[in-house]
Amino acid sequence: FDEVPFGVTEEYSLGDLSEVKEDVQVLPVSSNVLFRVNKASSRTSKDGSIKSVSVDLRLVEGIEVPQKDAQGQMTGVMERRYANKPMFCDLPYWVDTAIRTSDRYVGKNKSFLVPLKQFLGALGYDLKEAPTISDEFFSEISGRELRGDITHREIRIKNPISGAYEGTGDYRNEVRRFKPA
């Protein structure tokens, strides 16, 4: 085994990775932001219990944020940033009620459908005759514009010991409360 029949990689010790975190750019909370649907598709949760319309949105005009000087201090001037930035949202449309049993899913109001209802209403669909989720639907909504709010939601992970979901202290953006453009 003195001769290895392939290139040998120089060893490199990674050390302690326990404190490494993903860089997540959390945009400021903003309301009435103009979005364009870049594309959409269907997505199923890992356990197969939820099917969602997965939407890739783009900020059309960006959002107003406080301008900072070279030292990072606020200047008191607002500037528009993040134009064409992608944002993603999943809008559930089907739930396996044998697995998901909370009132949100099985209750008479089916409140899990509210974000999808707002999304469809903002795009001008008749909510009494909602469209069929299909490839044709995804193609039809591509390029359309609507407004929504950017909010923050704490990232939660499952504790391997207790099995309970716990907040991490980190946040991600969420697009909610869709309205017509």
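Our subject in this report is the structure included herewith. (Residues numbered from 1 in each chain as written. Predicted model: local features only at pLDDT ≥ 70, side-chain atom pairs only at ≥ 80, totals over all residues. Heavy atoms only, no water.)

### Observations concerning the pairing of strand S1 (residues 30-44)
Reasoning step 1: Pairing of S1 with strand S6 (residues 145-158), which is carried by five bridges, proceeds in the antiparallel orientation. Bridge assignment links Val 33 to a residue of S6, and that residue is Gly 148.
Reasoning step 2: In the sheet, S1 pairs with strand S2 (residues 50-59) via nine bridges, with the strands oriented antiparallel. Across the sheet, residue Phe 35 finds its bridge partner in S2, namely Leu 59.
Reasoning step 3: Counted between consecutive antiparallel strands, the loop separating S1 from S2 contains five residues, among which Gly 48 sits at a positive phi close to 75 degrees. (Pairing = 2+ DSSP bridges. Helix = DSSP H or I, 4+ residues; strand = E, 2+ residues; numbered from the N terminus.)

### Examining the packing of aromatic side chains
Reasoning step 1: According to the stated counting rule, one finds four aromatic pairs in the structure shown.
Reasoning step 2: When the ring of Tyr 125 is compared with that of Phe 137, the centres are 5.8 Å apart and the planes differ by 55 degrees; the resulting orientation is tilted. Of this pair, Tyr 125 sits in the loop between helix H2 (114-122) and helix H3 (135-141) while Phe 137 is found in helix H3, placing the two residues 12 residues apart along the sequence. Here Tyr 125 matches Phe 137 in class, with each residue buried.
Reasoning step 3: Ring pairing ties together the aromatic residues Tyr 125, Phe 137 and Phe 138, which thus form one cluster.
Reasoning step 4: The side chain of Arg 81 reaches across the aromatic face of Tyr 82, ending 5.0 Å from its centre. (Phe/Tyr/Trp six-rings, centres within 6.5 Å; stacked < 30°, edge-to-face > 60°. Buried < 20%, exposed > 50% of the residue type's maximum accessible area, 1.4 Å probe, protein only. Lys NZ or Arg CZ within 6 Å of the ring centre and 35° of its normal.)

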